[in-house]
Amino acid sequence: MDRSKKEALVAELHETFEKSSLVVITHNKGLTVAEVSDLRQQMRDAGAGFKVTKNRLAKIALKGTKFEHLEEQFVGPTAVAFSEDAVAAAKVCAEFGKKNDKLEIVAGGLNEQNLTKEQVDNLAKLPSLDELRGKLIGVLQAPATKVAGVIQAPAGKLARVFAAYGSAD
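Residues numbered from 1 in each chain as written. Predicted model: local features only at pLDDT ≥ 70, side-chain atom pairs only at ≥ 80, totals over all residues. Heavy atoms only, no water.

Student: Which residues make up the pairing of strand E3 (residues 78–83), and what values go with them?
Tutor: Of all six residues in E3, six are buried; the element is thus mostly enclosed. The side-chain alternation of E3 yields two buried faces, one formed by Thr78, Val80 and Phe82 and the other by Ala79, Ala81 and Ser83. The sheet contact formed by strand E2 (residues 48–52) and E3 spans five bridges and is antiparallel. By the bridge assignment for E3, Lys51 is matched with Val80. (Buried < 20%, exposed > 50% of the residue type's maximum accessible area, 1.4 Å probe, protein only. Helix = DSSP H or I, 4+ residues; strand = E, 2+ residues; numbered from the N terminus. Pairing = 2+ DSSP bridges.)

Student: Now, about the layout of surface pockets: what can you tell me, with residues and values included?
Tutor: The computed volume of the largest pocket comes to approximately 180 Å³. Contributing to the lining of the largest pocket are 13 residues, with Ala94, Glu95, Lys98, Ile105 and Asp121 lying nearest its centre. Within the residue set of the lining of the largest pocket, elements represented by two or more residues are helix H4 (88–99), strand E4 (103–110) and helix H5 (117–124). In terms of residues, the lining of the largest pocket owes the most to one element, H4, which gives six residues. (1 Å grid on protein atoms, 1.4 Å probe; cavity = no way out; pocket = protein on both sides within 12 Å on 5 of 7 lines; lining within 4 Å. Points joined across faces, edges and corners; volume = space filled by probe spheres on them.)

Student: Give me the lowdown on the sheet that holds E2, citing residues and values where you can.
Tutor: Taken in spatial order, the five strands line up as E2-E3-E1-E4-E5 in an open sheet, and their pairing is antiparallel. The open sheet has two edge strands with one neighbour each: E2 and strand E5 (113–115). Strand-to-strand twist in this sheet, taken as the mean axis angle between neighbours without regard to direction, amounts to 20°. Relative to E4, strand E1 (residues 22–28) is paired through seven bridges, and the arrangement is antiparallel. (Axes fitted to C-alpha atoms, helices over the stretch in contact; angles between N-to-C directions.)

Student: Talk me through the packing of helix H2 (residues 33–45) against H4; I want residue IDs and the actual numbers.
Tutor: How two helices sit against one another is set out by the angle between their axes and by the gap between those axes. Relative orientation of the contacting elements H2 and H4 amounts to 145°, with a least axis distance of 10 Å. Read as a crossing pair, H2 and H4 show a hand that is right-handed. Contacts from Glu35, Asp38, Leu39, Gln42 and Met43 in H2 reach Ala89, Val92, Cys93 and Phe96 in H4. When its residues are assigned to classes, the contact of H2 with H4 shows six nonpolar, one polar and two charged. (Left-handed = near helix turned anticlockwise from the far one by under 90°. Contact = heavy atoms within 4.5 Å. Nonpolar A, V, L, I, M, F, W, Y, C, P; charged D, E, K, R; others polar.)

Take a look at the structure:
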């Protein structure tokens with residue numbers, strides 16, 4: 001890889017780290033191209049991303065970002081999962097890691113905070129931002145639905161009474 005390609009890759013990684021709120025560092029020990037493609041597709045579907053990186057270039061890209069504290073974690077066959085959602089990348093990595101032992105979560109970072117492997121696993125168990133929004137909307141809509149049901153109930157009872165009188169004749 002020539003110098004200009006390396007500089008472009010570092011700039012792209014740096015921008016990725018700047019935009020993300022969660023970064024998960026993984027070791028991928030022998031993942032096939034098909035498995036990595038499948039993992040990338042799952043990441044895209046969840047609104048996250050996954051990149052296999054060169055450690056030296058990733059360390060350069062980390063400089064000046066909120067994930068600079070993760071520099072020492074880049075050892076061995078490393079890949080990075082990232083997302084703007086604070087849960088998406090961790091969730092996909094954890095689920096994929098359960099099915100395929102070739103992907104191992106090493107550590108992570110949630111904004112300026114270091115995360116251990118266990119903390120990333122715990123983060124993966126939380127509902128995503130979209131799931132939380134859905135639950136909140138459900139809670140907010142429930143009272144309105146109940147009010148509408150209560151208001152409609154007397155009219156329904158009245159209609160059944162009239163129907164009963166009409167059928168009695």
